[in-house]
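The lines below spell out each chain.
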Amino acid sequence: MSRLFLALQGALLSAALTAGASAAAPPLLPSVATVHIKDFKYHPPALTVHVGERVTFINDDDEAHTVTATDKSFDSEGLDTGGTWQHVFTKPGTYNYFCELHPYMKATIVVLPAAPAQ
Ligand SMILES: [Cu+2]
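All of these numbers come straight from a predicted model, not from anything done at the bench.

Undergrad: Looking at this model, I keep getting lost on unusual backbone geometry. Mind explaining?
TA: Most peptide bonds are trans, and most residues other than glycine sit at a negative phi. Following histidine 43, the chain continues to proline 44 via a peptide bond in cis, the omega torsion being 0 degrees. Mapped onto the elements of the fold, proline 44 is located in the loop between strand E2 (41-43) and strand E3 (46-50). We note that aspartate 39 has phi near 55 degrees; this positive angle belongs to a residue other than glycine. Its location among the elements puts aspartate 39 in the loop between strand E1 (33-38) and E2. Positive phi is not limited to glycine here, since glutamate 77 has a value of about 65 degrees. Among the secondary structure elements, glutamate 77 is positioned in the loop between strand E5 (68-69) and strand E6 (84-88). Glutamate 77 gets classed as exposed once you look at its relative accessible area, which sits at 54%.

Okay, structure coming up:
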């Protein structure tokens, strides 16, 4: 095998690896709850977590959706089919959120103060 051929092969391989890496979804971190978006609804529509806890959102619909706080404190931006987004809640409160693409889609997350250490 010529030196040129080997160099070309290496370049192609690294290009393929780079393309694969950018196409893959980021790995999900551990979370206390998962909200599924299905049939233009958030499931569950009401959820309670504690400060510092992470929530996962998964779009199971064929349509794109967003997870957007009415107070704009968080925004997933567009999630395609199978798209995931994770958010850690850092302040207690009641967070109403909706889908920017379908504003009639609404749900709530209540964030309680951090759970006491066990
Ligand atoms: Cu939507």
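Undergrad: Even after reading the chapter, I still don't get the sheet that holds E1, so can you show me in this structure?
TA: The strands making up a sheet associate through backbone hydrogen bonding, with each pair oriented either parallel or antiparallel. Read from one edge of the open sheet, four strands run E2-E1-E4-E6, paired in mixed fashion. Strands with a single pairing partner mark the edges of an open sheet, and in this sheet they are E2 and E6. Averaged over all pairs of adjacent strands, the angle between strand axes in this sheet comes to 20 degrees, irrespective of strand direction. Bridge count between E1 and strand E4 (residues 54-59): five bridges; the pairing is parallel. Paired with isoleucine 37 across the bridge in E4 is asparagine 59.

Undergrad: Got a minute to help me understand the coordination of the copper ion in this structure?
TA: Six octahedral donors around a metal ideally make angles of 90 or 180 degrees; four tetrahedral donors ideally make 109.5 degrees. On the protein side, the copper ion has His65 (ND1), Cys99 (SG) and His102 (ND1) as donor atoms, found 1.9 to 2.1 Å from it. Going along the chain, you hit the donors of the copper ion in the pattern H-x33-C-x2-H. Taken together, the residues histidine 65 in the loop between E4 and E5 and cysteine 99 in the loop between strand E7 (93-98) and strand E8 (106-112) connect sequence positions 34 residues apart. A relative accessible area of 0% means that histidine 65 is categorised as buried. Overall, cysteine 99 belongs to the buried group, its relative accessible area being 0%.

Undergrad: How should the pattern of salt bridges be read in this particular structure?
TA: Where side chains of opposite charge bring their charged atoms close, a pairing between them can arise. Evaluation of the coordinates by the stated rule reveals one salt bridge. Ionic pairing is found between lysine 72 and glutamate 100, a salt bridge with its closest N-O pair at 3.1 Å. Linking lysine 72 in the loop between E5 and E6 with glutamate 100 in the loop between E7 and E8, this pair joins segments that are 28 residues apart in sequence.

Conventions and cut-offs
- Residues numbered from 1 in each chain as written.
- Predicted model: local features only at pLDDT ≥ 70, side-chain atom pairs only at ≥ 80, totals over all residues.
- Heavy atoms only, no water.
- Helix = DSSP H or I, 4+ residues; strand = E, 2+ residues; numbered from the N terminus.
- Buried < 20%, exposed > 50% of the residue type's maximum accessible area, 1.4 Å probe, protein only.
- Pairing = 2+ DSSP bridges.
- Axes fitted to C-alpha atoms, helices over the stretch in contact; angles between N-to-C directions.
- Donors = N, O, S within 2.8 Å, 3.2 Å for Na, K, Ca; no water.
- Salt bridge = Lys/Arg side-chain N within 4 Å of Asp/Glu carboxyl O.

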